[in-house]
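Chain and residue survey
Now for the letters of each chain:
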Amino acid sequence: MKSYTKAQLALRNGQDKPEVWVAYKGEIYDVSDSRLWKTGKHYEHWAGQDLTDELPDAPHTDKVFERFELVGVLVD
């Protein structure tokens, strides 16, 4: 599995590169095909970030990530 830094993840925000990625618990998911992430923003959440601390406030569980392709792991 390929490793990415937070800076590399930040470039996959739907603005700087065509990929729209988010991280959760150290894993990076490609959410590019989700209509809810098309602009790089999903409600008050932004792509290109680690959303681990934000998930408890979401109306869904971490099962939502099963829909998306795992593309890498987040390293510091």
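Scroll up a little and you will see the structure.
A brief look at the structure comes next. (Residues numbered from 1 in each chain as written. Predicted model: local features only at pLDDT ≥ 70, side-chain atom pairs only at ≥ 80, totals over all residues. Heavy atoms only, no water.)

**So, the pairing of strand 2 (residues 21–24)**
Let me state the cut-off plainly: The rule is simple: take the accessible area with a 1.4 Å probe, protein chains only, and divide by the maximum for that residue type; under 20% is buried, over 50% is exposed, in between is partly exposed. Strands are runs of DSSP state E lasting at least 2 residues, helices are runs of H or I lasting at least 4, and numbering of each runs from the N terminus. Here, strands pair whenever DSSP counts at least two bridges between them.
What you see with strand 2 is no split at all: Trp21 and Ala23 on one side and Val22 and Tyr24 on the other are buried throughout. Adjacent in sequence and paired antiparallel, strand 2 and strand 3 (residues 27–30) are bridged by two residues, among which Lys25 carries a positive phi angle near 50 degrees.

**A few points about the side chain of Arg12**
Heads up, the condition is: Residue contacts are defined here by distance: any two heavy atoms, one from each residue, within 4.5 Å place the two residues in contact.
Tracing the backbone shows Arg12 in the loop between helix 1 (6–10) and strand 2. Residue contacts for Arg12: discarding those within four places in its chain leaves Tyr4, Lys17, Glu19, Val20, Trp21, Ala47 and Gly48.

**Details of the packing of aromatic side chains**
Rule in force here: Between 30 and 60 degrees the pair is tilted, below 30 it is stacked and above 60 it is edge-to-face, where a pair is any two Phe, Tyr or Trp rings, Trp via its six-membered ring, whose centres lie within 6.5 Å.
On inspection of all chains with the given rule, the structure shows three aromatic pairs. Between Tyr24 and Phe65, the ring centres sit 4.8 Å apart and the planes meet at 10 degrees, which makes this aromatic pair stacked. Taken together, the residues Tyr24 in strand 2 and Phe65 in the loop between strand 5 (45–46) and strand 6 (69–75) connect sequence positions 41 residues apart. Note on accessibility: Tyr24 and Phe65 belong to one class, buried.

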